[in-house]
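Here is what each chain is made of, one letter per residue.
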Amino acid sequence: MFPFLLVILLWFSRNTSAHPREEFLHCLSLHFKSSSSIAKVIYTQNNSSYSSVLKSAAQNLSKTLAFPAGIGLTVGIGGHFSGGGYGLLFRKYGLAADNVIDAHVIDVNGRILDRKSMGEDLFWAIRGGDGGSFGIVLAWKIKLVPVPTNVTVFTVRKTFELNATKLIHHWQFIAHKLPEEIHMSITISRVKSSQDEKMTIQAFFKSLFLGGIDKLIHLMQERFPELGVVKEDCQEMSWVESNLYFTQFPKGVPLEILLKRSHKSALSKLFFKAKSDFVKEPIPETAFEGLWPKFYEEEAKSALVVLVACGGKMDEILETETPYPHRAGNIYSILYVVDWEEKENINSERFMSWMRRVYNYMTPYVSKSPREAYVNYRDLDIGTNNNDNKSYTQPSIWGLKYFKNNFDRLMHVKTKFDPENFFRNEQSIPPLLYL
């Protein structure tokens, strides 16, 4: 049995009730001798983000142990896990939430519950059903997974002039069928051409492979020769080092940089808008050709579209196993991001409008009934709760997109553990009594 890692943190809901509840705060005070003790539990520097997991992998454990979470080093793992949490290892081991084996939660009555005392319904709900709806997660106990001493990564850049559109189209038929040891994604953006300084579309084909260079090259030559991956494109490194690679830190940066939550990486921006989609069938090449002109618009100067291949272990896990339902049947997911600087925030609606135009354009080509979305890419455009919380229609619009049929079970769990809807926000799970 693989070692277990106990990650101590407290995940406070994004926006809890607008009005204080004295009984809840009183119960909190019963468990801690002073407010400073509570503060230490709420925010513990080393354990409040994914960097705490990386620290254990880098410093305290073997190089052959990892955890299948994302690469956002400053993201709080409480929120990440409670939304599902996918990353570079999810085709091999599933989501972060699939590898949680216990948790400590403070419920609305101030009780500290573990898996046994909370019961399987609540334990199911907090692993992908938005933990901010049910209580405060104090700690997660997670299962580490084995990885090779060295993994292999590559990035291959293609532009519009170098057949990027055809390669993206072809990738759709291949990536989700590759062995589960390989993670593949495409990051699409605009860039100035090196030849004439004109704008063009570029696509970065990226991969993490749980194995050596030679085996990866053979696999790519056999399954996706059109991409033209060669040995010079590849690098071998430890799994922890691959987190530096995919967060775009310069080569040679020490691993300790992963522990600095204040560090601004190439992915850091002050303001952004994100949306998500899931794709069931390959998108026609002509549809991509229709998308590219939108990247030449002024608002798209820092825009990205990221395609992430699904398949592998995700196809084997039932969509009811956790609240995260986007399992078998999806060939890849899409993340749309547009960001802007602080000085541009006065005109933020321009960037938001660009994002909505792109999202509307993609409607015919993505999942339908519902058009699925990933709850960790919170998107208030798809619906919010009414102020009176007395309509099922309103929350079901966004709830079914995030959770599909698991939404109904989440509402029953909410009704049992928080019937008065203390833990709530614009897209929190509503109790049945409020519908």
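Residues numbered from 1 in each chain as written. Predicted model: local features only at pLDDT ≥ 70, side-chain atom pairs only at ≥ 80, totals over all residues. Heavy atoms only, no water.

Trainee: What is the right way to read the environment of Pro-146 from this model?
Mentor: Turning to its location among the elements, Pro-146 is positioned in strand S6 (residues 145–146). For Pro-146, a relative accessible area of 28% gives the class partly exposed. Considering only alpha carbons, one finds Pro-146 and Leu-210, 64 residues apart in sequence, at a separation of 10.0 Å. (Helix = DSSP H or I, 4+ residues; strand = E, 2+ residues; numbered from the N terminus. Buried < 20%, exposed > 50% of the residue type's maximum accessible area, 1.4 Å probe, protein only.)

Trainee: Sorry, what's going on with the packing of helix H13 (residues 393–403) against helix H14 (residues 406–417) here?
Mentor: Two quantities define a packed helix pair, namely the angle between the helix axes and the distance between the axes. In the contact formed by H13 and H14, the axes pass within 8 Å of each other and the chain directions differ by 115 degrees. By the angle between their directions, the pair H13 and H14 is classed as roughly perpendicular. Packed against H13, whose contacting residues are Pro-395, Ser-396, Trp-398, Gly-399, Leu-400 and Phe-403, the element H14 presents Asn-406, Phe-407 and Leu-410 at the interface. Partitioned by chemical class, the residues of the contact of H13 with H14 number 6 nonpolar, 3 polar and no charged. (Axes fitted to C-alpha atoms, helices over the stretch in contact; angles between N-to-C directions. Parallel < 35°, antiparallel > 145°, perpendicular 65-115°, else oblique. Contact = heavy atoms within 4.5 Å. Nonpolar A, V, L, I, M, F, W, Y, C, P; charged D, E, K, R; others polar.)

Trainee: Help me out: how do you make sense of the pattern of salt bridges in this one?
Mentor: Side-chain pairs of opposite charge can arise where the charged atoms are in close proximity. For the coordinates displayed, the defined rule picks out 25 salt bridges. With its nearest N and O atoms 2.9 Å apart, the salt bridge here joins Arg-115 to Glu-120. Classification of Glu-120 by relative accessible area gives partly exposed; the value is 44%. Each of Lys-273, Lys-275, Glu-349, Arg-356, Asp-379 and Asp-381 takes part in salt bridges that share partners, so that together they form one network. (Salt bridge = Lys/Arg side-chain N within 4 Å of Asp/Glu carboxyl O.)

Trainee: So what exactly am I meant to see when it comes to the nonpolar core here?
Mentor: If you look at soluble globular proteins, the nonpolar side chains tend to sit buried side by side. Residues Trp-171, Ile-188, Phe-205, Leu-227 and Ile-334 are the most contacted members of the largest nonpolar core, which totals 84 residues. Those residues within four positions of Leu-227 in sequence are excluded, and the remaining contacts are Phe-154, Val-156, Lys-158, Leu-167, Met-184, Phe-205 and Met-220. Membership of the second largest hydrophobic core comes to 20 residues, among which are Val-147, Val-240, Tyr-245 and Leu-258. (Core = buried A, V, L, I, M, F, W, Y, C linked by side-chain atoms within 4.5 Å.)

Trainee: I'm lost on the environment of Pro-282 in this one. Help?
Mentor: Within the element layout of this structure, Pro-282 appears in the loop between strand S11 (271–279) and helix H11 (285–295). Apart from residues no more than four positions distant in its own chain, Pro-282 is found in contact with Gln-172, Phe-173 and Ile-331.

Trainee: I tried to follow the layout of surface pockets on my own but got confused; where do I start?
Mentor: Empty pockets left among the atoms are what a rolling probe the size of a water molecule brings to light. Within this model, the second largest pocket holds a volume of roughly 220 Å³. Elements with a contribution of two residues or more to the lining of the second largest pocket: strand S10 (234–237) and helix H10 (239–246). Taken together, the residues of the lining of the second largest pocket sort by class into 7 nonpolar, 2 polar and 3 charged. (1 Å grid on protein atoms, 1.4 Å probe; cavity = no way out; pocket = protein on both sides within 12 Å on 5 of 7 lines; lining within 4 Å. Points joined across faces, edges and corners; volume = space filled by probe spheres on them.)

Trainee: Before we go on, may I ask you to explain the sheet that holds S10 in this structure?
Mentor: The strands making up a sheet are joined through hydrogen bonds of the backbone, oriented either antiparallel or parallel. Spatially, the 7 strands line up as an open sheet ordered S10-S7-S9-S8-S12-S13-S11, and their pairing is antiparallel. Whereas interior strands pair on both sides, the edge strands pair on one side only; in this sheet they are S10 and S11. In this sheet, adjacent strand axes meet at a mean angle of 20 degrees when their direction is disregarded. Pairing of S11 with strand S13 (residues 332–340) involves 9 bridges; the strand directions are antiparallel. If you follow Phe-271 over to S13, its bridge partner there is Trp-340. (Pairing = 2+ DSSP bridges.)

Trainee: I keep staring at H10 and nothing clicks. Help me out?
Mentor: Because each turn of an α-helix spans 3.6 residues, side chains separated by three or four positions end up pointing in the same direction. Here H10 lies mainly inside the structure; 7 of its 8 residues are buried. Every buried residue belonging to H10 is among Trp-239, Val-240, Ser-242, Asn-243, Leu-244, Tyr-245 and Phe-246, and all of these are buried. Downstream of H10 by one or two residues, Gln-248 has phi in the positive range, about 65 degrees.

Trainee: Looking at this structure, I do not really get the side chain of Asp-107. What am I missing?
Mentor: Summarising the element assignment, Asp-107 is placed in the loop between strand S3 (100–106) and strand S4 (112–113). Look at Asp-107 and you get buried, because its relative accessible area is 1%. Within the structure, the side chain of Asp-107 is placed 2.5 Å from the side chain of Arg-111, a separation counted as a polar contact. (Polar contact = N/O pair within 3.5 Å; in protein donor to acceptor, adjacent residues only side chain to side chain.)

Trainee: What is the right way to read the pairing of strand S12 (residues 304–309) from this model?
Mentor: Looking along a regular strand, one sees side chains alternate from face to face of the sheet. Within S12, 5 of the 6 residues are buried, leaving the element largely enclosed by the surrounding structure. Of the strand pairs in this sheet, strand S8 (residues 182–192) and S12 are connected by 4 bridges, and their pairing is antiparallel. Residue Thr-187 lies in a different strand from S12, and its bridge partner there is Val-306. Pairing of S12 with S13, which is carried by 6 bridges, proceeds in the antiparallel orientation. From the neighbouring strand, Val-305 faces S13, where its bridge partner is Tyr-336.

Trainee: Please explain the packing of aromatic side chains as it appears in this structure.
Mentor: Note on aromatic pairs: each is described by the distance of the centres and the angle between the planes. Taken as a whole and assessed by the stated rule, the structure comprises 21 aromatic pairs. Ring geometry for Phe-288 versus Trp-292: centroids 5.9 Å apart, planes at 20 degrees, classification stacked. Placement of both Phe-288 and Trp-292 in helix H11 is noted, with a separation of 4 residues, approximately one turn of the helix. The class for Trp-292 is buried, based on a relative accessible area of 4%. Of the aromatic side chains, those joined through ring pairs into one cluster are Tyr-86, Phe-90, Tyr-324, Tyr-374 and Tyr-377. A cation over an aromatic ring shows up here: Lys-92 above the ring of Tyr-93, its NZ or CZ 5.8 Å from the ring centre. One residue, Lys-275, lies across the ring of Tyr-359, its end atom 4.4 Å from the ring centre. (Phe/Tyr/Trp six-rings, centres within 6.5 Å; stacked < 30°, edge-to-face > 60°. Lys NZ or Arg CZ within 6 Å of the ring centre and 35° of its normal.)

Any functional reading would require information beyond the geometric quantities listed.
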